[in-house]
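# Architecture at a glance
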Amino acid sequence: MIAILLASAAAMSLEVQQATVPPGTEQPTEVDPAVSPIDSIVGDDLKPEAAAPRATGDPVLDRLNALEARVRQLEARNAELEQQADFNQQRLETVETRAAKNAQFGWVPSTSDSTGAFTFKPRGVVEADGAAFFERKGGYDYNNGTAFRRARLGVEGTAFKWFNYRLEVDFAGNAVNLTDAYLQYTKIPKTVLTLGQHKAPFGLESNNSDNYNTFLERGMFTNAFGNAGAERRIGLSATYGARENLNIAVGLFGDNESISRSSAAPVTDTPDESWGVNGRITWEPLLQPNRILHLGAAGYYRTALKSGDTEDAVRLTDRPNIRVDNGNIADSGVITGVRSLQYGGMEAAAVLGPLTLAGEAGRLWLVRPGLSDQHFTGFYGYASYFLTGESRPFKAGNFDRVKPFRELGKDGLGAFEVALRYDRLDLSNTPVLVRRGNDARSWTFGINWYFNPYAKLMVNYVRFRGDNTPLDPVGDETAGDVLATRLHLDF
């Protein structure tokens, strides 16, 4: 508009000049900018706040010069107003951002200071289980009923920019147990140092978050061997992410804080706390959205062992993939004379769109000086498929949270997954004669309904069998089925 206005004014001035020049006077065909009255009076470098241009004696040129000066003043003022509006908008956005950081609400509220260096967020998980058993062989009377598998409540956050913290307790089973209580230091590039009670490096299922489990329970060998030398313990560990697809973790650990330090035995007979070293390395040669190939290896060494108040002893046990009933289908008995435990395991997983394949295998060696050394093995393998097309994500060597494409109650029915697993734990070499030949195995079929990323309903049908189990009074074979459900919510 300004250009059009100036062009029109220039045309008017030329017409006036032509009308006032006497006939026969030669008219210039071009206007030289160097001698143009307009440009000489109101140049491009003139500030809008400058005084009105000098009068030329030509009323049209004087008016045009004044008009041009006024236009430039308006342009400058408009730029000022736009800059002020942008500044005010930025201030408004900053206030809104601070307010959002200071108090955010999802399942639970979280808070932080304006810089984000200090944060505080409640966390927890509630899992309610129900199970119905169908005895096939062995004579054991299973407990049909309900139970809280997990009822955890805690807090987590950041402090002083380079520290993370977490404190969490579990109220399930009519007991209060400390699960996580640690401080992390994150300033070292690609490295996280963790001090306190936390998960020791072990295997894929063990180090995966309980919130992301595909089945109600982990594989039997994962539980039995993990309880002997991994799971949550007090210690110091370092995790190094060399690259996005390569992670190395190692740590020195004592016992779990919830383990009893003494009992009815005389104080002089109370065993010392066990200790050990754990390590795990994972690599994803293929790490793309919806396409993942994962490989890993883990191991530990543990000594100063005890089972209850029995020194240099270990007992390996697990239940048939459900916790509502406390009967162990796998049990080595209390093995004495064990100087140390040595474990080695391998893991692998593949994600191909909605299909997930995963498995682990491990061997545990019992070093018994002066007695026969023993070893036990176990493994599992499973496949899962999302009927609604989702793909299981991976992060830092572990499975991550599943996010349905369409959440229940929002824009769809959530995500549906079906899964099948074979699981085995072989303790048949146990030197405890009454348990010799103990071998447990199971098939589990699962259906998972993800309402949203934080809530799901899980249904498992488990068909289990074991040789010479504690559930069979005559030491023969135990067999049964169980239909179990779990309602899961974490925040």
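Structure shown above.
Source: prediction; values computed, not measured. (Residues numbered from 1 in each chain as written. Predicted model: local features only at pLDDT ≥ 70, side-chain atom pairs only at ≥ 80, totals over all residues. Heavy atoms only, no water.)

For K161, which is not glycine, the phi dihedral falls at a positive 70°. Note on placement: K161 falls in the loop between β4 (145-159) and β5 (163-170). The residue N174 is not glycine, and still its phi comes out positive at about 55°. Assignment of secondary structure puts N174 in the loop between β5 and β6 (177-185). (Helix = DSSP H or I, 4+ residues; strand = E, 2+ residues; numbered from the N terminus.)

Core analysis: the biggest nonpolar cluster contains 47 residues, and F225, L316 and L341 have the highest contact counts within it. Considering every element that reaches this core, the biggest residue donor is helix α5 (residues 220-229), with 5 residues. Residues in contact with L341, not counting those within four places in the same chain, are A228, Y300, Y301, R302, L305, V314, L364, W365 and L366. (Core = buried A, V, L, I, M, F, W, Y, C linked by side-chain atoms within 4.5 Å. Buried < 20%, exposed > 50% of the residue type's maximum accessible area, 1.4 Å probe, protein only. Contact = heavy atoms within 4.5 Å.)

Moving on, we come to the pairing of strand β7 (residues 191-199). In terms of strand pairing, β6 meets β7 through 5 bridges, oriented antiparallel. Residue L183 lies in a different strand from β7, and its bridge partner there is L195. Here β6 folds back onto β7 in antiparallel fashion, the turn holding 5 residues, of which K190 has a positive phi close to 65°. Of the strand pairs in this sheet, β7 and strand β8 (residues 232-243) are connected by 9 bridges, and their pairing is antiparallel. (Pairing = 2+ DSSP bridges.)

Right, let's get into the pattern of salt bridges. Tallied over the entire structure, the rule returns 33 salt bridges. Across the salt bridge formed by E217 and R149, the nearest N and O atoms sit 2.8 Å from each other. Taken together, the positions of E217 in the loop between α4 (204-207) and α5 and R149 in strand β4 put the pair 68 residues apart, joining distant regions of the chain. Since its relative accessible area comes to 3%, E217 is described here as buried. A salt bridge links D467 to R441; the nearest nitrogen and oxygen atoms lie 3.2 Å apart. Placement of the pair is D467 in strand β25 (residues 455-467) and R441 in strand β24 (residues 438-452), with a sequence separation of 26 residues. Overall, D467 belongs to the partly exposed group, its relative accessible area being 24%. (Salt bridge = Lys/Arg side-chain N within 4 Å of Asp/Glu carboxyl O.)

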